[in-house]
Amino acid sequence: MHVTIDGRSLYVETHGDGEPILFVHGFPLSGEMWAPLVPGLRDRHRLIVPDLAGHGRSDPAPGVTMARFADDLLAALAALGEDRPFTLVGMSMGGYVAFELCRRRPDRVRALVLANTRAQPDAPEVARDRRETAGRVRREGAELVADGMLPKLFGPDAGDDLRERWRAIMAATPAEGAAGALLAMADRPDSFPTLAALTCPVLVVAGEHDAITPPADATRMRDAARSATLETIAGAGHMSAVEEPRAFLDALRRFLAGLPAPR
Ligand code: MLT
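Residues numbered from 1 in each chain as written. Predicted model: local features only at pLDDT ≥ 70, side-chain atom pairs only at ≥ 80, totals over all residues. Heavy atoms only, no water.

This part is about the environment of Tyr11. Position of Tyr11 among the secondary structure elements: in strand S2 (residues 8–15). Given the relative accessible area of 11%, Tyr11 is considered buried. As a C-alpha pair, Tyr11 and Arg57 span 46 residues in sequence and 5.7 Å in three-dimensional space. Among all residues touching Tyr11, those that are not within four sequence positions of it are Met1, His2, Val49, Pro50, Asp51, Arg57 and Ser58. (Helix = DSSP H or I, 4+ residues; strand = E, 2+ residues; numbered from the N terminus. Buried < 20%, exposed > 50% of the residue type's maximum accessible area, 1.4 Å probe, protein only. Contact = heavy atoms within 4.5 Å.)

What follows deals with the pattern of salt bridges. Per the stated rule, a full pass over the model turns up 22 salt bridges. Note that Arg68 and Asp6 form a salt bridge whose closest N and O atoms lie 3.4 Å from each other. With Arg68 in helix H2 (residues 66–79) and Asp6 in the loop between strand S1 (2–5) and S2, this residue pair connects regions lying 62 residues apart in the sequence. For Arg68, a relative accessible area of 24% gives the class partly exposed. We classify Asp6 as exposed; its relative accessible area is 63%. (Salt bridge = Lys/Arg side-chain N within 4 Å of Asp/Glu carboxyl O.)

Take the site of the ligand next. Near the ligand you find Gly26, Phe27, Ser92, Met93, Tyr96, Arg118, Arg130, Met149, Met185, Ile212 and His238, and these make up its full shell. The contact in question runs from an oxygen atom of the ligand to an N or O atom on the side chain of Ser92, over 2.8 Å. Arg130 places a side-chain nitrogen or oxygen 2.8 Å from an oxygen atom of the ligand. When its residues are assigned to classes, the shell around the ligand shows 6 nonpolar, 3 polar and 2 charged. (Near = heavy atom within 4 Å. Polar contact = N/O pair within 3.5 Å; in protein donor to acceptor, adjacent residues only side chain to side chain. Nonpolar A, V, L, I, M, F, W, Y, C, P; charged D, E, K, R; others polar.)

This next bit is on the nonpolar core. Core analysis: the biggest nonpolar cluster contains 91 residues, and Phe23, Trp34, Phe69, Leu88 and Leu112 have the highest contact counts within it. Beyond its immediate chain neighbours, meaning those up to four positions away, Leu112 contacts Leu88, Ala98, Cys102, Leu198, Cys200, Pro201, Val202, Leu203 and Phe255. (Core = buried A, V, L, I, M, F, W, Y, C linked by side-chain atoms within 4.5 Å.)

Here it is in structure tokens:
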């Protein structure tokens with residue numbers, strides 16, 4: 001379904017019934033990346049799967065920031081009548097958005113899953129490159145980032161079908177959406193203080209072959225959190241939920257099973 005936020009349309013899917021889980025995708029991807037997990041979770045959970053502004057089927061938000069992405073998600077939850085604390089799953093840029101949500105509404109986050117992401121901000125030269133790429137994307141389109149990311153996105157065993165499918169999804173991202181997200185990522189703050197202050201349970205998921213957010217980033221997050229478990233998905237690259245959905249689901253289920261009962 002589409003919900004309207006500040007006159008913009010945001011696409012959000014819901015599946016199943018039960019304790020809510022909010023899934024936040026990476027850049028320049030879409031909620032589609034969580035589809036392989038839905039059948040294994042929908043019996044016991046209400047899965048809320050948005051496309052972030054300017055990605056998938058959602059309109060871009062001019063001047064978007066991590067805070068805007070996070071506020072959109074809170075508005076989408078309100079529009080869906082969902083006011084319970086939720087388990088928050090963020091992949092890569094979705095992890096950056098998840099940290100922002102934790103800063104804004106820690107009371108709503110019952111548990112946090114940080115998949116293939118990092119807590120540190122961009123180094124100055126990385127931020128500079130992102131800003132430069134944003135300008136090029138506005139002129140040339142998101143194919144530029146699709147082609148740049150594709151060689152690093154998957155582990156060595158991912159098939160050509162998967163690579164082609166996700167190249168097409170990335171390339172179809174509206175140029176304004178991809179450029180806005182690049183600028184938002186370049187401006188994001190250090191999230192280590194946020195992570196260290198969190199009192200909810202945290203699961204960190206790494207891909208053994210992740211070349212974008214390497215396993216060392218995951219170890220740093222596990223070590224910085226008060227209470228975190230680290231699961232490494234064997235054989236997977238940056239897209240661990242897509243590449244190895246069975247192993248990702250098993251890790252997530254183990255984590256969910258260990259959560260204290262909701263109050
Ligand atoms: C992502 O997968 O969301 C991005 O690659 C994250 C990033 O570029 O920092």
